[in-house]
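The chain contents come next:
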Amino acid sequence: MRRLTRTAALLAALTLVPVLAGCQDTQESYCSAVKDHQEELTKISSTGSQDSLIQALGIFEDLQSKAPSDITDEWQQVVGRVQALKKALDDAGVDPATYDRAHPPAGLSADDKAAIDAAARELGGGETLAALQALDQEARDVCQTPLTL
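In short, a report on the structure. (Residues numbered from 1 in each chain as written. Predicted model: local features only at pLDDT ≥ 70, side-chain atom pairs only at ≥ 80, totals over all residues. Heavy atoms only, no water.)

## Looking at unusual backbone geometry
Reasoning step 1: One non-glycine residue, Gln 144, lies in positive phi territory at about 55°.
Reasoning step 2: Relative to the helices and strands, Gln 144 resides in the segment after helix H6 (126–143). (Helix = DSSP H or I, 4+ residues; strand = E, 2+ residues; numbered from the N terminus.)

What follows is the structure, encoded as structure tokens:
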């Protein structure tokens, strides 16, 4: 019986090796992408532009596609909220870089303004901010690289 238990444990361990190796490859790929995008994210965020998250959307989508499974929910939250705001602005025909909520462009419908406001609230909400903080912390802890410099 003892030999059978030892054999079962060995087989279980051997089946985990490819899974763990796959996790390591995913982690390395993700960390490499974080490092590759770090300078560009820093440049985008340092402009202070109100559309910086929309400018970073392509980078976020790339990082999301490479993210290990333990942070996919956080990337989904962030990317989904940025995409929703971009869609609301695009649907309204509004330039994200120049949109001013206090002085919306002439002809902007109340429905479009409400959709933009709702998407902006979701993006700036606690759940999305917590996800961004968790993603930055993950990059620092696991990749030894912050998302921005």
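## Considerations on the environment of Glu 138
Reasoning step 1: Counting through the fold element by element, Glu 138 comes out in helix H6.
Reasoning step 2: Residue Glu 138 is classed as buried on the basis of its relative accessible area, which comes to 13%.
Reasoning step 3: The residues contacting Glu 138, other than those within four sequence positions of it, are Gln 27, Pro 68, Asp 70, Ile 71 and Cys 143. (Buried < 20%, exposed > 50% of the residue type's maximum accessible area, 1.4 Å probe, protein only. Contact = heavy atoms within 4.5 Å.)

## Structural notes on the packing of helix H4 (residues 72–92) against H6
Reasoning step 1: Remark: H4 packs on H6, axes separated minimally by 9 Å, with the N-to-C direction vectors making an angle of 125°. The pairing of H4 with H6 is recorded here as oblique in orientation. The chirality of how H4 crosses H6 is left-handed. Taking contact as the criterion, the partners of Glu 74, Trp 75, Gln 77, Val 78 and Arg 81 in H4 are, on H6, Glu 127, Thr 128, Ala 131, Leu 132, Ala 134 and Leu 135. (Axes fitted to C-alpha atoms, helices over the stretch in contact; angles between N-to-C directions. Parallel < 35°, antiparallel > 145°, perpendicular 65-115°, else oblique. Left-handed = near helix turned anticlockwise from the far one by under 90°.)

## Brief notes about the packing of H4 against helix H5 (residues 110–123)
Reasoning step 1: Between H4 and H5, the least distance of the axes is 9 Å, while the angle of their chain directions is 165°. Taken as axis vectors, H4 and H5 run roughly antiparallel relative to one another. Handedness of the H4/H5 crossing: left-handed. Residues Arg 81, Val 82, Ala 84, Leu 85, Ala 88, Leu 89, Asp 91 and Ala 92 of H4 lie in contact with H5, whose contacting residues are Asp 112, Ala 115, Ile 116, Ala 119, Ala 120, Glu 122 and Leu 123.
Reasoning step 2: Residues that form the contact of H4 with H5 fall into these classes: eleven nonpolar, no polar and four charged. (Nonpolar A, V, L, I, M, F, W, Y, C, P; charged D, E, K, R; others polar.)

## Observations concerning the pattern of salt bridges
Once their charged atoms are close, side chains differing in charge can pair, the charge on each being opposite to the other.
Reasoning step 1: All chains considered together, the criterion is met by six salt bridges.
Reasoning step 2: The partner of Lys 66 in a salt bridge is Asp 62, with the nearest N and O atoms 2.5 Å apart. A residue pair is termed a helical-turn pair when its members lie 3 or 4 positions apart in one helix, as Lys 66 and Asp 62 do in helix H3 (residues 57–66) at four residues.
Reasoning step 3: A residue is classified by how much of its surface remains accessible, and Lys 66, at 29% relative accessible area, is partly exposed.
Reasoning step 4: When its relative accessible area of 22% is taken as the criterion, Asp 62 is described as partly exposed.
Reasoning step 5: A salt bridge links Asp 136 to Arg 140, with the shortest nitrogen-to-oxygen separation between them at 2.7 Å. With Asp 136 and Arg 140 both in helix H6, this residue pair falls four residues apart, about one helical turn.
Reasoning step 6: By relative accessible area, which is 41% here, Arg 140 ends up partly exposed.
Reasoning step 7: Each of Arg 101, Lys 113 and Asp 117 takes part in salt bridges that share partners, so that together they form one network. (Salt bridge = Lys/Arg side-chain N within 4 Å of Asp/Glu carboxyl O.)

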